[in-house]
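# Tertiary structure, described
Spelled out, the chains give:
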Amino acid sequence: MNPVKKILEKLNGLHYRQEYLCFAKESHTEPLHVYLVQDQHITKDITNQHLFTGYCPLIFVFPADNQLTESIQLLFSQKLLIPNEVFEQKDALAILEMKMIKKQVSNNSNIVYYEGSHVHHFLLNGFHQYLSSIYNGLYNKRPGNVFLHDNLYKQVQVAYAVPRIISLITVSNNNLFNLFPTDLHGQIDDEHYIISLRSNGKACKQVEATGKVLLSRMHCDAYKTVYGLGKNHMQELRTKEHFQFGSVSSKNLKLPIAEQAISYQELLLKDSFIHGIHRVFLFKIIFQQQLNAEQATLSHIHNCYATWRYKNKLAGNYLIR
């Protein structure tokens, strides 16, 4: 290994070798909270009321709300705070600035999209963040990798301090299939689901062409298999035997469900747009079903926050690949 790279990796302050740590979402105790804030006051807890749907640039999505202005500020804190409470700087693990980029209307739903503009975080100390920035500039500019400039890289680290569910998408056309993971997604309301994919990827074009997908939440035991399917974002459709599908198909779309799925949703495409490297898809949910009563949903967080948790003696329960 390059000696400079080895030294930077040894001194970067990160406790874990892997950049992203998998676990069962339901086992994640004492989670981080995300608050909408204004003038040092807590406005609203939006930990479970936002979607993370883009990393270049950073994109968050919210149901429309009169508290959402053209520019917003989000506080990431381990402390439980209440509306109108004044937060102290010591309560802040990160402060993320965002600006509105799009409003979208579908039936009676109003959806608002924001792009990250700047973040300041305390998940690592200043020295370790400096070394991380040097490492990012030297070794993350490689073919096939999306390079994230210094502050955008920090924005992504902060966005992944909240557990993000990794699901599998099944797409099919003319009896050919693809199966690939996504963690840039989520249900925005009772009727709609949002998924973001790299606009230049083959998986994205397959979803555009078919206009329908099956999205499966996965059991955490499938973490190695799910990560291994990441290469399928750039693969052509193939015959069914190339994939680890179970014996069950979805109710209406009749798409095969991945092995170790714990639930699924059938989705029909309603709209999409491109922002940065992403095509953001808005789907209508036509059916959903729970397949497994066990609550062990595959999720992951970034090493920065996992390290902060380790240093503060908070449980991990991570599945190391």
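The coordinates are above.
## Remarks on the sheet that holds strand β12 (residues 185-187)
- Spatial ordering of the open sheet is given by β11-β10-β14-β17-β18-β13-β12, a layout of seven strands whose pairing is antiparallel. Each of the sheet's edge strands pairs with one partner strand only, and the pair in question is β11 (176-182) and β12. Between one strand axis and the next, the sheet turns through 30 degrees on average, direction left out of account.
- Alignment of β12 against strand β13 (residues 192-198), held across three bridges, turns out to be antiparallel. Of the residues in β13, the one forming a bridge with His185 is Ile195.
- Sitting on the sheet, helix α4 (residues 202-210) is in contact with β10 (167-173), β11, β13, β14 (212-218), β17 (261-275) and β18 (278-290), with an inclination near 65 degrees to β18.

## Remarks on the pairing of strand β2 (residues 33-38)
- Of all six residues that make up β2, five are buried, and the element is covered over most of its length.
- In this structure, β2 lies alongside strand β6 (residues 71-77), joined through five bridges in antiparallel fashion. If you follow Leu36 over to β6, its bridge partner there is Leu74.
- As paired strands, β2 and strand β3 (residues 41-45) are joined by four bridges and run antiparallel to one another. The partner of Leu36 across the bridge, within β3, is Lys44.

## Points about the pattern of salt bridges
- Scanning all chains against the criterion turns up six salt bridges.
- A salt bridge links Lys79 to Asp91, with the shortest nitrogen-to-oxygen separation between them at 3.9 Å. With a gap of twelve residues between them, Lys79 in the loop between β6 and β7 (94-106) and Asp91 in the loop between β6 and β7 connect regions that are remote in the sequence.
- Accessibility expressed as a relative area gives 36% for Lys79, which makes it partly exposed.

## Details of helix α2 (residues 126-139)
- Between the first and last C-alpha of α2 there are 20 Å, a value that for 14 residues agrees with the 20 Å anticipated at 1.5 Å per step.
- On its buried face, α2 sits against α1 (3-11), β8 (109-121) and α3 (150-159).
- Here α2 starts with a cap whose side-chain oxygen sits 3.1 Å from the backbone nitrogen of Phe127, and that cap is Asn125.

## Things to note about the packing of α2 against α3
- Between α2 and α3, the least distance of the axes is 10 Å, while the angle of their chain directions is 115 degrees. Between α2 and α3, the interaxial angle falls into the category roughly perpendicular. Crossing handedness for the pair α2 and α3: right-handed. Contacts between α2 and α3 involve Gln129, Ser132, Ser133 and Asn136 from the first element and Asp150, Tyr153, Lys154 and Gln157 from the second.
- Classifying every residue of the contact of α2 with α3 gives one nonpolar, five polar and two charged.

Rules of the game
Residues numbered from 1 in each chain as written. Predicted model: local features only at pLDDT ≥ 70, side-chain atom pairs only at ≥ 80, totals over all residues. Heavy atoms only, no water. Pairing = 2+ DSSP bridges. Helix = DSSP H or I, 4+ residues; strand = E, 2+ residues; numbered from the N terminus. Axes fitted to C-alpha atoms, helices over the stretch in contact; angles between N-to-C directions. Contact = heavy atoms within 4.5 Å. Buried < 20%, exposed > 50% of the residue type's maximum accessible area, 1.4 Å probe, protein only. Salt bridge = Lys/Arg side-chain N within 4 Å of Asp/Glu carboxyl O. Expected span 1.5 Å × (residues − 1). Polar contact = N/O pair within 3.5 Å; in protein donor to acceptor, adjacent residues only side chain to side chain. Parallel < 35°, antiparallel > 145°, perpendicular 65-115°, else oblique. Left-handed = near helix turned anticlockwise from the far one by under 90°. Nonpolar A, V, L, I, M, F, W, Y, C, P; charged D, E, K, R; others polar.

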